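# Reading the structure
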Amino acid sequence: MSGYRLPKGGRIDRSRAVSFTWDDTRYMGFTGDTVASALMARGERIIGRSFKYHRARGIMSAGVEESGAVVSLWSDARRVANVKATQAEIVPGLAVWGQNAWPSVRMDLGSVNNLFGRFFAAGFYYKTFFGISGRGTWEWMQFEKLIRQAAGMGRASDKPDPDHYEIVHDHCDVLVVGSGPAGLSAAAALASQGMDVILAEQDFAVGGSILSGGSDDGGPSSDAWLASTVEGLTAKGVRIWSRTTAFGLYDHGVVGLIERVTDHLEHPGDLPRERCRIVRARRIILATGAVERPFAFGDNDRPGVMLASSAATYVSRFGVAPGKRAVIGVNNDSGYASAMTLAQAGVETTLLDARASVPRSLASTAREAGIDVRAGMVPVQAIGSRGVRALDIGRYDGERALAEDRLSCDMIGVSGGWTPVMHLISHKGIKPAWNEELSAFIVEDTGIEPVALAGSAAGHFTTEAALKGGERAAAEAIKALTGKRRTKLPEPETDWEAPLQPVWEIREPDRKLKCFIDPQHDVTTEDVRLAHREGYVSVEHMKRYTTLGMATDQGKMGNVVGLALMAEAAGSTIPETGTTTFRPPYTPVSIGALAGDERGTHWRPTRHTPMRLEHEQLGCKFVDAGFWRRSWYYPEKGENLARAAKREAKAVRAYVGMVDVSTLGKIMVQGPDATEFLNRVYSNPFAKLPVGKARYGLMLRDDGFVFDDGTTWRLTETDYFMTTTTANAGPVMLHLANLLQTRWPEMRVHITSVSDHWGGLAVAGPKAREVLDGACPDIKFSDEAMPFMGVRQGHLRVESGQDIPVMTARLSFSGEQAWEVMAPADYCPAMFRALLTRVRAAGGVPYGLEAMDCMRVEKGHVTGRELDGRTTAADIGLGMMASKKKPYIGRVLAGRPDLVREDRPTLVGLLPVEKGTRFKAGAILFPQNESKGHGLGHVSSIADSPELGSWIALGFVAGGLPKWEGKEISAENPIDGESTRVRVVSPHFFDPKGERMHG
Amino acid sequence: MIRIDCPFCGLRDHTEFSYEGDATIEYPALDASEDAWFDAVFLRENPRGWHREYWRHGFGCGLFLEVERHMVTHEIRSVKIAHPGMAKVVAEADK
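Residues numbered from 1 in each chain as written. Chains lettered and ligands numbered in written order. Predicted model: local features only at pLDDT ≥ 70, side-chain atom pairs only at ≥ 80, totals over all residues.

### Examining the overall build of chain A
- Per the secondary structure count, chain A includes 25 helices and 49 strands.
- Along the first, second and third principal axes, the C-alpha atoms of chain A reach 115 × 70 × 55 Å.
- For chain A, the proportion of its 999 residues judged to be buried stands at 52%. (Helix = DSSP H or I, 4+ residues; strand = E, 2+ residues; numbered from the N terminus. Buried ≥ 20, exposed ≤ 12 C-beta atoms within 10 Å, placed from the backbone.)

See below:
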């Protein structure tokens, strides 16, 4: 037993008891308690275990800097690991669990690691990588298993997250982060000038350090002042967000905040568990306070050792005394107030001031309150492995102290100075400077960022100075936003009675003490020196080698001590050594909150074609292709994909079929210079394409590789309808827009994406003409009226007897006689039904992507699998198409020596030597019996061809057909251990002369 | 998250825009030399300081904007519509 609830005091609601569990044991606390204060009130001392040694850890602070009391909250799928007990408020039914210990934190068998401490010193991981005895990775493999078992903190749930989260966006004139004296005074000054203000507070209660103060004089920093200030802010429309942590500061005044919405509610209803708030603020005031830092002494990680101000916070805010007999070790004035608070609560208190000359008035006030003040004395070593029983103290000579007395005590408070919380401004790459007087890193210049620091975050450590600092920051913000000149307020000063004396570590002359600077990760002062001895001279390297500051608290308490010791070891100064870089988030953020609603099917759009319902009525199966849900196959009587696709492809080749081609990109290219524009962007000639004709076009990138292909239909002299591949609809549009807006602004061309405006069906097969003849009252489909590549606009008569507008072109992807018919999206369902009736009457079927893909492989037509950004026009067998006369995009760089090499992998067809053998796309092609190195190329597309009665493939082979036609090579699939002998053939497997589509 | 003040739409998050490359590049004529094209396509400065770049307001007006941005601080000094004709139309409409 150590801590206990005081009979009165504290900002808790003693009329509302709250029941929660700690490792399945029921405990009671009060509304307003944190997990830490409620456990302390019940005398619990061991709350956590450290990362490596499993040493007992108690409550070390009262805030986000906590490095000892780290627990898991809630159960099962809602379990949250690595929560600071000092931050979590207790709510009815809360389950709190000790972590990184077995069977429990109080009785942890893993603590035997402590006995092997010398093996776990700094750089342990790196050393085992190389092998302690030179045996290399074998040892690492063995140790890794041990480390994985022994090290680590809480375990996350492996179940799906049952909660939902949301992302909301906000704007304001000024965002004030932190609701202590500085934040409140800034917000009040801003609100009085009509500014739109958001005040964010990470705690569940507004007030910051005021909540830890003992003043009830009605002046600033009293409860009464706090209440009236908050009331005034609310009345002026200031948005006050508690339980909301600003976790990251980004460019141009954008701040990311996390609001914990429901964890404190007994009945959360439909509310999200957490809310990620993205605030765009015109100005930002960081009143984020300061964190007290300890100094290191022997066994200073024992339960019962805590920050001095935190000990006072437990008394003032939670009505809990951390112990009966306290020793407070300080090197500055602020620790006196903490000692006074403890003494006034009836704690027998001794104050050790490292300074030989103590502040006279503070010391006499303290002595009057019954505190035993000892000048020039420091703590040397804590006694008691499961909790402090006593403290050896000694006289400090500025570096060392020899234990000369033992004080019996059950808690030790330490104050080694204050570290301003400037993480947020650090996120913007602003470097703080070392302030010798305050012994702290201070940000003096925020550069171009619309950010000011106020209060103890700016090094103004007294309440009076913080209040003035807040007003000053507010005045500056108002000036920046309104241009109104106001009298410049003076920079406030911290008026400490006696200067702080830097103390980092207490050493004994003849004995090595185990002094911790990162209690969570078990980093000691000796580890820092070891890192330096082993050559880690940069702070960033030291951090990674020792893991100092890399635990869940990110070194908020111990970092500065580590830097100071590093500087000392290197024989340099703290400013020369510098500080490590802080990056977001300031405190841990749930991944779920960052994702918000964008999960499952909501993380990206789902696109359906306008004929979705018609497909569904036919029992169509869909496949994801980018954002699209494309019709894949239409199974009949329990057919699987392979059988359905085969039947569909056969029907198309024998009769006719229709397929949804709505996903093609469609762009209107219009204007007097449209022809010239197309002639520049396509590698083949477009200047002489007549009205009423379409042409296949191949588009290159600037670097000469193939970008995209598609057909472009000339509708009038100045209007072209361009189609692109499904995948490149967006990129092609962007490419054309880029050219017209930045490279050739003089061209009189307008482009419009009409991909969603038009839907389309391709009707293909020997009976395609029979299907379409008569379907359109004003379009003739005969060879004479519409030759291959002909384009016509007209109408299609649908079931209702009405005529819908369509445009159609005689194009073929399948190799059959075929037409693409396009209609405005809303007419597409009617078009689908009208054409399906006619297709069925001709013995045909609707077909999907799978059958279409099979037929295009049979024809050697390329898709995205071949146009993978690494192929030239010649590589895919279309080198002859490119114009030799005109300049066009990509032509110059396509002529680079490496792009015209004769042994480039070029498109070929591949047939298995043993007919019917299945092999896979992605397989690597090698000469027979030479499967080493990078091979000749790869298999790009594969299909089970009904026409050839075998699996067939397209692929790329170095040297192509001229070198390999008719020869056998090997398709190797090392992932599945498959090897297939294949013969290189022409990629035009089926109807190589194209008689069917021209017929 | 940087924010860009689109001359047509106003101040918006960069998530509405797409980065479209270096605006200091002068693309050569289509039939220029291989060297000229090589320089334009592959060689880029990486200045520690001010730089001009294109951003397209894809979730807005669709215009390509020429943005002057500081590569260290991300400060944006100017934003203008890349196409001179469109820039003129928008400027006149704003009068």
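Following the structure, the description resumes.
### Re the overall build of chain B
- Looking only at helices and strands, chain B has 2 helices and 6 strands in total.
- Tracing chain B from N to C terminus, the helices and strands come up as β-β-β-α-β-β-β-α.
- With the C-alpha coordinates of chain B rotated into their principal frame, the extents come out at 45 × 30 × 20 Å.
- Looking at the 95 residues of chain B, the share that counts as buried comes to 19%.
- Within chain B, counting contacts between residues at least 6 apart in sequence, those at least 24 apart form 47% of the total. (Contact = placed C-beta atoms within 7 Å.)

### Some remarks on the interface of chain A and chain B
- Each side of the interface is counted separately: chain A has 25 residues, and chain B has 24 residues.
- Looking at the side of chain A that touches chain B, the elements with two or more residues in it are α19 (729-743) and α23 (891-894) of chain A.
- For the side of chain A that touches chain B, the element with the highest residue contribution is α19(A), accounting for 6 residues.
- Looking at the side of chain A that touches chain B, its residues break down into 11 nonpolar, 6 polar and 8 charged. (Nonpolar A, V, L, I, M, F, W, Y, C, P; charged D, E, K, R; others polar.)

### Description of the sheet that holds strand β38 (residues 750-753) of chain A
All names here are of chain A.
- Read across the sheet, 5 strands follow the order β35-β36-β37-β34-β38 without closing on themselves; strand pairing throughout is antiparallel. The open sheet is flanked by β35 (694-700) and β38, the only strands paired with a single partner. Put simply, the sheet's adjacent strands are angled 25 degrees from each other on average, direction ignored.
- The pairing of strand β34 (residues 665-670) with strand β37 (residues 719-724) spans 6 bridges and is classified as antiparallel. Across the sheet, the residue bridging to Met668 is Phe721, located in β37.
- Running at roughly 130 degrees to β34, helix α18 (residues 674-681) makes contact with β34, β35, β36 (706-714) and β37 of the sheet.
- Of the strands in this sheet, β34, β35, β36, β37 and β38 are in contact with α19, which crosses β34 at around 20 degrees. (Pairing = 2+ DSSP bridges. Axes fitted to C-alpha atoms, helices over the stretch in contact; angles between N-to-C directions.)

### Topic: the nonpolar core
All names here are of chain A.
- Among the nonpolar cores identified, the biggest contains 169 residues, and Leu175, Ala186, Ala187, Leu190, Val197 and Ile285 are the most heavily contacted of them.
- With residues up to four places along the chain from it excluded, the contact list for Val197 reads Cys172, Asp173, Val174, Val176, Ala187, Leu190, Ala191 and Val238.
- Listed in part, the 128 residues of the second largest apolar core include Ala644, Met733, Phe781 and Leu893. (Core = buried A, V, L, I, M, F, W, Y, C linked by C-beta atoms within 7 Å.)

### Structural notes on the sheet that holds strand β16 (residues 305-307) of chain A
Residues and elements named next belong to chain A.
- The 5 strands are arranged β16-β24-β18-β19-β20 in an open sheet whose pairing can be described as parallel. Edge positions in the sheet fall to β16 and β20 (372-375), since each has one partner strand and no second. Strand-to-strand twist of the sheet, defined as the mean angle between neighbouring strand axes without regard to direction, takes the value 20 degrees.
- Against the sheet, helix α6 (residues 308-318) engages β16, β18 (325-330) and β24 (411-415), with an angle of about 120 degrees to β24.

### As for the pairing of strand β10 (residues 197-200) of chain A
Residue and element names in this part refer to chain A.
- Here β10 shows a buried face lined by Val197 and Leu199 and a second buried face lined by Ile198 and Ala200.
- As judged from the 4 bridges shared by strand β9 (residues 165-177) and β10, these two strands associate in the parallel manner. Bridging from a neighbouring strand, Val177 pairs with Ala200 of β10.
- Here 3 bridges tie β10 to strand β11 (residues 239-241), and the two strands are oriented parallel to one another. Bridge pairing links Leu199 to Ile240 in β11.

### Description of the confidence of the model for chain B
- Taken over all residues, the pLDDT of chain B has a mean of 96, while the share at 70 or more is 100%.
- We note a pTM of 0.91 for the whole complex and an ipTM of 0.98 for its interfaces. (pLDDT = per-residue confidence, 0-100.)

### A word on the packing of helix α17 (residues 641-654) of chain A against helix α22 (residues 849-859) of chain A
All names here are of chain A.
- Contact geometry for α17 and α22: axes closest at 8 Å, N-to-C directions at 60 degrees. In terms of orientation, α17 and α22 fall into the oblique class. Both α17 and α22 take part in a crossing whose hand is right-handed. Contacts from Leu641, Ala645, Glu648, Ala649 and Val652 in α17 reach Glu850, Ala851, Cys854 and Met855 in α22.
- The residue inventory of the contact of α17 with α22, partitioned by class, reads 7 nonpolar, no polar and 2 charged. (Parallel < 35°, antiparallel > 145°, perpendicular 65-115°, else oblique. Left-handed = near helix turned anticlockwise from the far one by under 90°.)

### A word on the packing of α6(A) against helix α7 (residues 334-344) of chain A
Residue and element names in this part refer to chain A.
- The contact between α6 and α7 brings their axes to 8 Å, and the two run at 35 degrees. α6 and α7 meet at a crossing whose hand is left-handed. Between α6 and α7, the contacting residues are Ala308, Ser309, Ala311, Ala312, Val315 and Ser316 on the first element and Ser334, Gly335, Ala337, Ser338, Thr341 and Leu342 on the second.

### Points about the environment of Asp522(A)
Residues and elements named next belong to chain A.
- Examined against the element boundaries, Asp522 turns out to sit in the loop between β29 (516-518) and β30 (523-524).
- Put simply, Asp522 and Asp301 are 221 residues apart on the chain and 8.9 Å apart in space, counted from C-alpha to C-alpha.
- Apart from the residues within four sequence positions on either side, Asp522 is in contact with Ser50, Phe51, Lys52, Tyr53 and Arg55.

### Let's talk about unusual backbone geometry
Residues and elements named next belong to chain A.
- Cis geometry is found at the peptide bond from Pro584 to Pro585, where omega equals 0 degrees.
- Mapped onto the elements, Pro585 comes out in the loop between α14 (574-577) and α15 (591-595).
- At Trp74, a position not held by glycine, the phi torsion is positive, near 65 degrees.
- One can find Trp74 in the loop between β6 (70-73) and β7 (80-84).
- Residue classification places Trp74 among the partly exposed residues on the basis of 16 C-beta atoms within 10 Å.

### Brief notes about the pairing of strand β42 (residues 818-824) of chain A
Residue and element names in this part refer to chain A.
- Within β42, 6 of the 7 residues are buried, leaving the element largely enclosed by the surrounding structure.
- As paired strands, strand β39 (residues 758-764) and β42 are joined by 7 bridges and run antiparallel to one another. Pairing of Ala764 across the sheet is with Ala818, part of β42.
- Pairing between strand β41 (residues 803-809) and β42: 3 bridges, direction antiparallel. Along β42, the bridge assignment pairs Met807 with Met822.

### Some remarks on helix α12 (residues 539-546) of chain A
All names here are of chain A.
- Those residues of α12 that fall on the buried side of the exposure criterion are Val539, Met542, Lys543, Tyr545 and Thr546.
- In this fold, the buried residues of α12 make contact with β30, α11 (525-533), α13 (559-570) and α14.
- Just past α12, the residue Thr547 takes up positive phi, approximately 65 degrees.

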